Amino acid sequence: MRRFLFALFSIGLGLVASCAPSAAPPPAPTEIAWRDGDVEDALAEAAELGKPVLLYWGATWCPPCNRLKAGLFLDPAFISQTLDFVPVYLDGDSEGAQLWGEHFAIQGYPTLIILRADRSEITRLSGGGDPEQVAHAVAAARQSGETVAQLVARAQQEPDRLSEAEWTLIAGYGWEVDTGNVVPIEEREVTLRRLAEAAPAPPLARRFDLLSLTLADPDQAPDPTEQARAQAVLETVLAAPAEVRSNRDVLIGSGAQIIARAPEADRARLQASLITAMDAVYAMEDAPLSDRLSAISAEIEMFRQSAGEEAAVSEALVAKVQQRVAWADQTAQTPHERQAVMYIAAGLLEDVGDVAGAERLLTAELSRSATPFYYMPILARLAEEQGDTARALDWLRQGYESAVGPASRVQWGTLYVEGVTRLKPTDATEVERAATAVIDELATSPDSFHQRTRARFTRIETALRGWAASNHGDEVLARVRAHMSLVCPPTQTEAAARRACETWLQPEP
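Residues numbered from 1 in each chain as written. Predicted model: local features only at pLDDT ≥ 70, side-chain atom pairs only at ≥ 80, totals over all residues. Heavy atoms only, no water.

**Student:** For this particular structure, what's the right way to read the sheet that holds strand S1 (residues 35-36)?
**Tutor:** Sheet strands pair by backbone hydrogen bonding; their relative direction is either parallel or antiparallel. One open sheet accounts for 5 strands, arranged S1-S3-S2-S4-S5; its pairing is mixed. The open sheet has two edge strands with one neighbour each: S1 and strand S5 (121-126). Note: strand S4 (residues 111-115) against S5, 5 bridges, orientation antiparallel. Bridged to Thr 111 within S5 is Ser 126. Packed onto the sheet, helix H6 (residues 131-143) meets S4 and S5 and runs at close to 175° relative to S5. (Pairing = 2+ DSSP bridges. Helix = DSSP H or I, 4+ residues; strand = E, 2+ residues; numbered from the N terminus. Contact = heavy atoms within 4.5 Å. Axes fitted to C-alpha atoms, helices over the stretch in contact; angles between N-to-C directions.)

**Student:** When you look at the environment of Pro 110 in this model, what are you seeing that I'm missing?
**Tutor:** Mapped onto the elements, Pro 110 comes out in the loop between helix H5 (97-103) and S4. In this structure Pro 110 comes out as buried when scored by relative accessible area, which is 5%. Residues Pro 110 and Arg 67 lie 43 residues apart in sequence; the distance between their C-alpha atoms is 9.7 Å. The residues contacting Pro 110, other than those within four sequence positions of it, are Tyr 56, Trp 57, Cys 62, Pro 64, Cys 65, Leu 68, Ser 126, Gly 127 and Gly 128. (Buried < 20%, exposed > 50% of the residue type's maximum accessible area, 1.4 Å probe, protein only.)

**Student:** Help me understand the layout of surface pockets in this model?
**Tutor:** Gaps left between atoms show up when a probe the size of a water molecule is rolled over them. Its volume calculated, the largest pocket comes out at about 770 Å³. Around the largest pocket, the lining is made up of 38 residues, and of these Ser 126, Gly 128, Gly 129, Glu 176 and Asp 249 lie nearest the centre. Every element with two or more residues in the lining of the largest pocket is listed here: helix H3 (63-70), S5, H6, helix H9 (188-198), helix H10 (202-214), helix H13 (248-259), helix H15 (289-294) and helix H18 (335-351). If you tally residues by element for the lining of the largest pocket, the top one is H13, at 5 residues. Broken down by class, the residue content of the lining of the largest pocket amounts to 18 nonpolar, 13 polar and 7 charged. By volume, the second largest pocket is sized at about 520 Å³. The wall of the second largest pocket is formed by 20 residues, among which Gln 133, His 136, Ala 171, Leu 204 and Ser 246 lie closest to the centre. Those elements that provide at least two residues to the lining of the second largest pocket are H6, helix H8 (164-171), H10 and helix H12 (241-246). (1 Å grid on protein atoms, 1.4 Å probe; cavity = no way out; pocket = protein on both sides within 12 Å on 5 of 7 lines; lining within 4 Å. Points joined across faces, edges and corners; volume = space filled by probe spheres on them. Nonpolar A, V, L, I, M, F, W, Y, C, P; charged D, E, K, R; others polar.)

**Student:** Would you mind going over helix H7 (residues 148-155) with me for this structure?
**Tutor:** Note that an α-helix has 3.6 residues per turn; residues three or four places apart therefore point the same way. Buried residues of H7: Val 148, Leu 151, Val 152, Arg 154 and Ala 155, and no others. Along H7, the residues classed as buried sweep out an arc of 165° about the axis, all on the same side. Buried-residue contacts for H7 involve S5, H8 and H9. (Arc of directions from axis to C-beta.)

**Student:** What should I look at first to understand the state of the cysteines in this one?
**Tutor:** Where two cysteines share a covalent bond between their sulfur atoms, that bond is called a disulfide. On inspection of all chains with the given rule, the structure shows 2 disulfides. Cysteines bonded in the protein are numbered consecutively along the chain; their disulfide partners then correspond to 1-2, 3-4. (Disulfide = S-S within 2.5 Å.)

**Student:** Even after reading the chapter, I still don't get the packing of helix H24 (residues 451-471) against helix H25 (residues 474-491), so can you show me in this structure?
**Tutor:** Relative placement of two packed helices is described by the angle separating their axes and the distance separating the axes. Where H24 contacts H25, the axes come no closer than 9 Å and their chain directions differ by 155°. In this view, H24 runs roughly antiparallel relative to H25, as classed from their interaxial angle. You can see that H24 and H25 cross each other, and the crossing is left-handed. Counted together, Phe 457, Leu 464, Arg 465, Trp 467 and Ala 468 of H24 and Asp 474, Val 476, Leu 477, Val 480 and Met 484 of H25 form the full contact between these two elements. Counted by class, the contact of H24 with H25 contains 8 nonpolar, no polar and 2 charged residues. (Parallel < 35°, antiparallel > 145°, perpendicular 65-115°, else oblique. Left-handed = near helix turned anticlockwise from the far one by under 90°.)

**Student:** How do you make sense of the pattern of salt bridges when you look at a structure like this?
**Tutor:** A side chain with one charge can pair with a side chain of the opposite charge if their charged atoms come near. Scanning the model with the defined rule gives 37 salt bridges in all. Ionic pairing is found between Glu 235 and Arg 269, a salt bridge with its closest N-O pair at 2.7 Å. Remark: Arg 269 occurs in helix H14 (residues 264-282) and Glu 235 occurs in helix H11 (residues 224-238); sequence separation between them is 34 residues. Taking relative accessible area as the criterion, Arg 269 reaches 39% and is therefore assigned partly exposed. Here Arg 465 makes a salt bridge to Glu 508, at a shortest N to O gap of 3.7 Å. One end of the pair, Arg 465, is in helix H24; the other, Glu 508, is in the segment after helix H26 (495-503), and 43 residues separate them in sequence. Looking at Arg 465, the relative accessible area reads 21%, which means it is partly exposed. You can call Glu 508 exposed: its relative accessible area is 60%. (Salt bridge = Lys/Arg side-chain N within 4 Å of Asp/Glu carboxyl O.)

**Student:** It is not clear to me how empty space enclosed by the protein should be interpreted in this structure. Could you clarify?
**Tutor:** Tallied over the full model, the rule gives 1 cavity of 30 Å³ or more. In this structure, the largest cavity spans a volume of roughly 110 Å³. In terms of lining, the largest cavity is formed by 18 residues, of which the most central are Gln 98, Pro 406, Ala 407, Ser 445 and Ser 448. Mapped onto the lining of the largest cavity, the elements with two or more residues apiece are H5, helix H22 (406-423) and helix H23 (428-443). Here the lining of the largest cavity is built from residues that sort into 7 nonpolar, 7 polar and 4 charged.

**Student:** When you look at the pairing of S4 in this model, what are you seeing that I'm missing?
**Tutor:** Regular strands place side chains that alternate from one sheet face to the opposite one. Counting buried positions along S4 gives 5 out of 5 residues, so the element sits mostly inside the fold. Burial along S4 is two-sided: Thr 111, Ile 113 and Leu 115 facing one way and Leu 112 and Ile 114 facing the other are all buried. As judged from the 5 bridges shared by strand S2 (residues 53-58) and S4, these two strands associate in the antiparallel manner. Bridge assignment links Leu 54 to a residue of S4, and that residue is Ile 114.

**Student:** What should I look at first to understand the confidence of the model for the protein in this one?
**Tutor:** Low-pLDDT stretches of the model should not have their predicted coordinates read in fine detail. Per-residue pLDDT for the protein has a mean of 91; in total, 95% of the residues score no lower than 70. The secondary structure element of the protein with the lowest average pLDDT is helix H1 (residues 2-19), at 35, and the one with the highest is helix H21 (residues 389-402), at 98. In this model, residues 1-20 is a region of pLDDT below 50 whose contacts with residues beyond four sequence positions or in other chains number 0 contacts. (pLDDT = per-residue confidence, 0-100.)

**Student:** Could you clarify how one ought to interpret the packing of aromatic side chains in this entry?
**Tutor:** How two aromatic rings sit relative to each other is set out by the distance from centre to centre and by the angle between their planes. Under the counting rule described, the total for this entry stands at 20 aromatic pairs. Considering the side-chain rings of Trp 34 and Tyr 56, the 5.6 Å spacing of their centres and the 40° angle between planes classify their relative orientation as tilted. With a gap of 22 residues between them, Trp 34 in the loop between H1 and S1 and Tyr 56 in strand S2 connect regions that are remote in the sequence. By relative accessible area, Trp 34 is classed as partly exposed at 23%. Judged by centre distance (5.6 Å) and plane angle (15°), the rings of Trp 100 and Phe 104 are stacked. The buried category is assigned to Phe 104, whose relative accessible area is 6%. An aromatic cluster is built from Trp 57, Trp 61, Tyr 109, Tyr 343, Phe 373, Tyr 374, Tyr 375 and Trp 412, whose rings are joined through pairwise contacts. Across the ring face of Tyr 282, the terminal group of Arg 292 is positioned such that the distance to the ring centre comes to 5.9 Å. (Phe/Tyr/Trp six-rings, centres within 6.5 Å; stacked < 30°, edge-to-face > 60°. Lys NZ or Arg CZ within 6 Å of the ring centre and 35° of its normal.)

This is the structure in C-alpha cells:
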C-alpha cells in the first residue's frame, strides 16, 4: 500500500515537475582534479570506476612542466577530457615518487602515462610535445582496448585493421621518452620506418618518417636512398603549414640534423625553407611561447653546421635572437610561462655569443622565480666558461643551499660536489663536506634511493673517484663511504635500493 501511495505521489510530483524549468547542468570544471602523489589510491579508484589512470610525472622547477601548466592543463577542453580518467600528479620531490619513477621506468620530467587499473601501460606521452597532439592521443587512449605496444606490433602486420583512433594513439606516443616499452631501443628507427610505410594517411606517414630520421646515427653517412627520403619528406612538410604546425617539435629540435642527411646539393634550399617555416612558428599566436621562442634554434644550429662551432654568428642573427628574447621577456607574464621560457631565452643568447645578455636575463629572473635555484647552475656554467671559477662555485653552492625538495636537493647537491672536485680540487675538506651533506639528504627522505636520486649518486661516485685518483683522496673516500653506511641502510627498505646503497663507493676490485 505504501508503495502504491508513493507511486501515485511520484506521478503527481512528476506532473508538477514537468511544468517547472529543468535543473541547470553542473558547471564545467575549471581545473584538473589531480590526486596528489597517491598512485595506489588512484589505481584503486580506477578499478572501482572502470576508468584508466592519467599519471603526470613532473616537478615545480621543470620548464617543460610549467609549459604544460601554462597551456594544456588550463585548456577547458582538456580539463573536461580528464573526467574520463583518474588523474594523479606525482611530483618528483613527493614521498615515494622516485620509487614510482623507477617502477614505470620514467626517463625525465615531464612524462604523462596512461595506465589501466592493473598497472599495465596503455601509452606514455612527452609533455614537451604539441599540446593538441597530446590531447588527441589522450582521447584516443580512452577509446582503445589495446596498448601502444600491441598496436605497433599489429600495425606492421595488418595496418588496414587499425582504426583512426588507434593510429592517432601510435602517432602521439612519446618516442623520445620511451625506454624500450614498445620496441627495443635499437629497433626504434626501423620500426618507425615500417610505420611510415604502413600509415593510412600521407601526413601521418611523414610524421613517422621524420621521427625515424631523428634516430639515424649522425656518424654514419646516409646512403642515396636515405638522402632521397630526407629530401622528399622535408620538402613536403615544409611546404605545408599544417604539417609544419603538427611537426614543429621535430623540426625545432632536429630539423637541421635531418637536413644534414639530405643530398648536399639540396641543403641550402632546404635550410632556407626551414628558416621560413620556423619564422612561421614564431608567428603562431596560439602556440606555446616556448615553441615560438625556441623555433629560432634551428636557424642557429644550421649556421653552426655551415660555419663551424667556433665561427662568430652574424650580426643579423644576433639581433634576431635578441629581439625575440626581448619579446618573450615582455610577453611571458605568469610564473608558469616565465619558468617555461626564460631558460630557453638565456640559452639562445649564449648560443649566439651574447653571454653578458644571458647573465643579465637570468640574474634578473632570480627575484621573479619561485624556484630561483634552477637558474643558478646555468649562471655557474657561464661564469666557468669565462674563467671565473670562484663565482661559478659560489653559484653552485647557492643553488644547492636554496634547492627545495629531497630529490631536487640531491640533484643540485650533485652539481655542487662535481663543481668542487672540478673547480677547487685542492680543498679536500670542502669536497668531503659537500659529499657528506648530500648523503645526509637521504636521511630526510626515507626510501628515496631510486631513479633520479640513485643516478645522481652514481655521478657523485664517479666525480669522487676521479678526484681521489688525482689528489691523494683515498682517506676522504673512506670517510665518505663510512658516512653513507650510517645513513643509507636504515632508511632503505626496498632490497635493490639497499644493495645499491651498501655498495656505493666501495673499493673497486
